[in-house]
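# Coordinate inspection notes
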Amino acid sequence: MANNIRVRFAPSPTGYLHIGGARTALFNWLYARHHGGVFILRIEDTDRERSTEEAIDAIIEAMSWLGLSWDEGPYRQMDRLGRYHKEAQRLLVEGKAYKCYCTPEELEERRKLALERREAPKYDRRCLTLTEKERLACEAQGKKPAIRFNCPDEGITVVDDIVKGRVVFENANLDDFVMVRADGIPTYNFAVVVDDHDMAITHVIRGDDHLSNTPRQILLYQALGYSIPEFAHLPMILGPDKTRLSKRHGATAVEAYRDEGYLPHALVNYLALLGWGYGDQTLFSIDELIQKFSLEAVGKSPAVFDPIKLEWMNGVYIRELSVDELAKLIKPYLIKAGLIPETPMYMPEDEKGMYMVGGDLAFERYDDAWYRRLAEITQERISKLSDIIALSDFFFHRVVYETEAIQRVLKKEGVPEILQKAIEVLSESFDFNSREIEARLRKLAEDLGFKPKLVFQPIRVAVTGRTVSPPLFETIELLGRDATLERLGEAIHLLEMADG
RNA sequence: GGCGCGUUCGUCUAGUGGCCUAGGACACCGCCCUCUCAAGGCGGAGAUCACGGGUUCGACUCCCGUACGCGCUACCA
């Protein structure tokens, strides 16, 4: 196996890690892990206007959460200014770069003019031929120069891309781009080349929005006397309208998916399928991904991000969790929703599990076994962890009856009687578990001569406030006898009031 | 405007000249299971392989053109 493979993920810290960036990071990571190579994290923070420390933290946090561990870095371009300066000077003395004293305003003006005349807005190279005298004059005026690359104006530059194939560019279409800004900070195309060389990167794996930048970089590699790495340009990730995925399309921050209750494995698995595939298979463990990933199998065409499929996949992985794991994962969501207190305050032993009239909670009502059971009965009903809130909130506060539920099931003939009977049956002395509860309630339906559903639905609404809930008998068990009886009574009372 | 990349069911994709009357997954529809909702099982519908020309005995697969989409064309990355 060809080793000493070195790849990198090089985000610019101008915001949170987004889906597209995460996919790029993932493919780099998979490639490195597959080949037993090195994965490097490099922060491209040369845009002083937009880069922030918070963004760096957020990117690191998101990558850690996804499990994309890096072996070197994070390096920062702003720590490497000396290197760029040195290499720029080299090109300067070799005549492969030159100083440009044109101001951004002048450039903008000329660009606009060129566009109006329907010409290519290339730099006119006026500073390339500056005489020593003219240069000194500019310096005397206090003008700070930018450094431009002296781009060859004939010949071709070929990019042999692992995913796109052989792509040919004519040098004549390139212009003398700025390598180093007037403030001494390098631009992307220059910094990336120096970095990838210094870090001995063997494979540059990045979004195909950079494909058009690649000839500029190759020219730079050649001018600097560096060896050229392999390139693999990944197709873009699009929104439903086929434009580049952005906040406009909804949540794009990895962090947002984490907060919603997506599992890292689900996100990783889903992202892997955007632009890559392995036959008919859709579900992969992380190890399988590492084992089966290859750049040769990456597709050329862009992919539309489908949050629905992601959600489905997340549900699959939630169902794969052990009950204990799920119970642990679910709790923070209940806390965040204000359903249970952040710091548990245990009740005296004999009162544990007691239902609090009025519904205000000031203590931890249930123990770990209770949460475990909750996880058990909700596991196949949630597709993201945050779904637990809507599915189980009725456990934690007084019942709020949905008007629809009242109309459609409670306000039916015979319902108060059914509920009254249920109170009687459930008041009897027996071990209050779902099996017993089910047996007694089924018996009740039979005695009443009703189909089971006809008695279970009113009870469900009385106890949960709605027509949809986790399984009834388990729900009643978890609620406890006191709370159940009280809610049943409450529903009867509600109906009486409505009648009167 | 110039340059570049892309185009198979709504979406992600399989497919590398005959195995394709185009396979899988999500979503959708129906049935089964069933205390609701899910989950699960079974089945259905859904793609003249962007379009037009070639090459070939034979093309989704190779070549050319057109259309459309996207990207680059910044002292952003």
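Before any of the text, the structure's been laid out above.
Residues numbered from 1 in each chain as written. Chains lettered and ligands numbered in written order. Predicted model: local features only at pLDDT ≥ 70, side-chain atom pairs only at ≥ 80, totals over all residues. Heavy atoms only, no water.

## Notes on the sheet that holds strand β3 (residues 72–76)
How we decide: Strand pairing requires that DSSP identify at least two bridges connecting the strands. Helix and strand labels come from DSSP, where a helix needs a run of H or I of at least four residues and a strand needs a run of E of at least two; each type is numbered from the N terminus. The convention used is that axes are lines fitted to C-alpha atoms, helices contributing only their stretch in contact, and that angles between N-to-C directions extend from 0 to 180 degrees. The contact criterion used throughout is that any non-hydrogen atoms of two residues lie within 4.5 Å.
Read across the sheet, three strands follow the order β1-β2-β3 without closing on themselves; strand pairing throughout is parallel. Looking at which strands have only one partner, the edges of the open sheet turn out to be β1 (6–9) and β3. For this sheet, the mean inter-axis angle between neighbouring strands, taken without regard to orientation, is 25°. Strand direction decides the pairing type here: strand β2 (residues 38–43) and β3, joined by three bridges, are parallel. Note on β3: the bridge partner recorded for isoleucine 43 is arginine 76. Of the strands in this sheet, β1 and β2 touch helix α1 (residues 19–35), which is tilted by about 165° from β1.

## So, the environment of arginine 76
Within the element layout of this structure, arginine 76 appears in strand β3. Here arginine 76 is in contact with Ile43, Asp45, Glu53 and Ile56, once residues within four sequence places are set aside.

## Remarks on the pattern of salt bridges
Two side chains of opposite charge can pair, provided their charged atoms sit close to one another. Going by this rule: Just to be clear on terms, a salt bridge is a Lys or Arg side-chain nitrogen sitting within 4 Å of an Asp or Glu carboxyl oxygen. When a residue's accessible area, from a 1.4 Å probe over protein chains only, is under 20% of the maximum for its type it is buried; when over 50% it is exposed; and in between it is partly exposed.
Counting across every chain of the model gives 43 salt bridges. Aspartate 45 is the salt-bridge partner of arginine 76, the closest N and O atoms lying 3.8 Å from each other. Here arginine 76, found in strand β3, pairs with aspartate 45, found in the loop between β2 and α2 (53–66); they are 31 residues apart in sequence, far enough to count as distant. Judged by relative accessible area, aspartate 45 falls into the buried class, the value being 2%. Arginine 110 serves as the salt-bridge partner of aspartate 124, at 3.5 Å between the closest nitrogen and oxygen. Residue aspartate 124 is found in the loop between α4 (104–116) and α5 (132–140), and its partner arginine 110 is found in helix α4; the two are separated by 14 residues along the sequence. In this structure, a network of salt bridges that share partners links the residues Arg8, Arg42, Glu44, Arg80, Arg83, Glu87, Arg90, Glu94, Lys96, Asp195, Asp196 and Asp198.

## Looking at the pairing of strand β10 (residues 230–234)
The cut-off we apply is this: We call a crossover right-handed when, viewed with both strands directed away from the observer, the connection leading from the first strand over the helix to the second proceeds clockwise.
Summarising burial for β10: four of the five residues are buried, a large majority. Bridge count for strand β9 (residues 203–207) against β10 is five bridges, and the pairing is parallel. Within β10, the position partnered with valine 204 by the bridge is phenylalanine 231. Crossover handedness for the path β9 to helix α7 (residues 214–224) to β10: right-handed.

## Some thoughts on the protein's contact with RNA strand B
Keep this limit in mind: Near, as used in this document, describes a residue that has one of its heavy atoms within 4 Å of the molecule or strand being considered. Two N or O atoms count as a polar contact when they lie within 3.5 Å, although within protein this holds only if one can serve as hydrogen donor and the other as acceptor, and sequence-adjacent residues are included solely when both atoms are side-chain atoms. Under this grouping Gly is polar, as are all residues other than the nonpolar Ala, Val, Leu, Ile, Met, Phe, Trp, Tyr, Cys and Pro and the charged Asp, Glu, Lys and Arg.
In the region of RNA strand B, 63 residues are neighbours, and Thr46, Cys102, Arg181, Glu380 and Arg381 sit closest. Measuring from a phosphate oxygen of RNA strand B, one finds a backbone N or O atom of proline 121 at 3.2 Å. Here a sugar or linking oxygen of RNA strand B and a backbone polar atom of threonine 467 are 2.9 Å apart. Counting only elements with at least two residues in the surface near RNA strand B, the list comes to α4, β5 (146–149), β7 (165–170), β12 (303–304), α11 (307–320), α18 (452–464) and α19 (472–479). Looking at the surface near RNA strand B residue by residue, the class counts come to 26 nonpolar, 15 polar and 22 charged.

## Focus on the nonpolar core
Taken as a class, soluble globular proteins show a tendency for nonpolar side chains to be buried jointly. Keep this limit in mind: Here, nonpolar core refers to any group of buried Ala, Val, Leu, Ile, Met, Phe, Trp, Tyr and Cys residues whose side-chain atoms link them within 4.5 Å.
Ranked by internal contacts, the top residues of the largest apolar core, which has 109 residues, are Phe305, Leu441 and Ile459. Not counting chain neighbours up to four residues away, the residues in contact with leucine 441 comprise Val425, Leu426, Val455, Phe456, Ile459, Phe473 and Ile476. Counting 33 residues, the second-largest nonpolar core is a separate cluster that includes Ile40, Val167, Phe190 and Ile201.

## Remarks on unusual backbone geometry
A cis amide bond, omega 5°, links glycine 73 with the succeeding residue proline 74. Position of proline 74 relative to the elements: it lies in strand β3. Its identity is not glycine, yet alanine 200 carries a phi of approximately 55°, on the positive side. The residue alanine 200 is located in the loop between α6 (188–198) and β9 in this model. Positive phi, normally seen in glycine, also occurs at lysine 242, with a value near 70°. Mapped onto the elements, lysine 242 comes out in the loop between β11 (237–238) and α8 (254–260).

## Quick look at the sheet that holds β5
Read from one edge of the open sheet, three strands run β4-β5-β8, paired in antiparallel fashion. Unpaired on one side and paired on the other, β4 (97–100) and β8 (178–180) mark the two borders of the sheet. Recorded for the sheet is a direction-independent mean angle of 45° between the axes of neighbouring strands. Pairing between β4 and β5: four bridges, direction antiparallel. Directly across from cysteine 100, in β5, lies its bridge partner alanine 146.

## Section: the layout of surface pockets
Selection rule: Buriedness for pockets is judged along seven lines, at least five of which must meet protein on both sides within 12 Å for an open set on the 1 Å grid over protein atoms alone, while cavities are sets there where a 1.4 Å probe fits but cannot get out, and lining residues have an atom within 4 Å of a point. Grid points are joined across faces, edges and corners, and a volume is the space filled by probe spheres set on the points.
If you add up the space inside the largest pocket, you get close to 1,300 Å³. For the largest pocket, the lining is made up of 42 residues, of which Ser12, His18, Asp209, His210 and Arg244 are closest to its centre. Of all the secondary structure elements, the ones that give two or more residues to the lining of the largest pocket are β1, α1, α6 and β9. Broken down by element, the lining of the largest pocket gets its largest block of residues, four residues, from α1.

## A short note on empty space enclosed by the protein
Tallied over the entire structure, the rule returns three cavities of 30 Å³ or more. By volume, the largest cavity is sized at about 40 Å³. Surrounding the largest cavity, Tyr16, Leu17, Ala58, Glu61, Ala62, Ala253, Val254, Glu255 and Arg258 form its lining. When residues of the lining of the largest cavity are traced back to their parent elements, those giving at least two are α2 and α8. Partitioning the lining of the largest cavity into residue classes produces six nonpolar, no polar and three charged.

## Examining the packing of helix α17 (residues 434–448) against α19
Short version of the rule: Oblique is the label for any angle not under 35 degrees, not over 145, and not in the 65 to 115 range, which are roughly parallel, roughly antiparallel and roughly perpendicular in turn. By definition, any crossing whose near helix is turned counterclockwise from its far helix by less than a right angle is left-handed, and any crossing with a clockwise turn is right-handed.
One way to put it is that α17 packs onto α19 with a least axis distance of 8 Å and a crossing angle of 120°. Considered as vectors, α17 and α19 are oriented oblique to each other. Considering the relative orientation of α17 and α19, their crossing is right-handed. Here Ser434, Ile437, Glu438, Leu441 and Arg442 of α17 come into contact with α19, specifically with Phe473, Glu474, Ile476 and Glu477. The residue inventory of the contact of α17 with α19, partitioned by class, reads four nonpolar, one polar and four charged.

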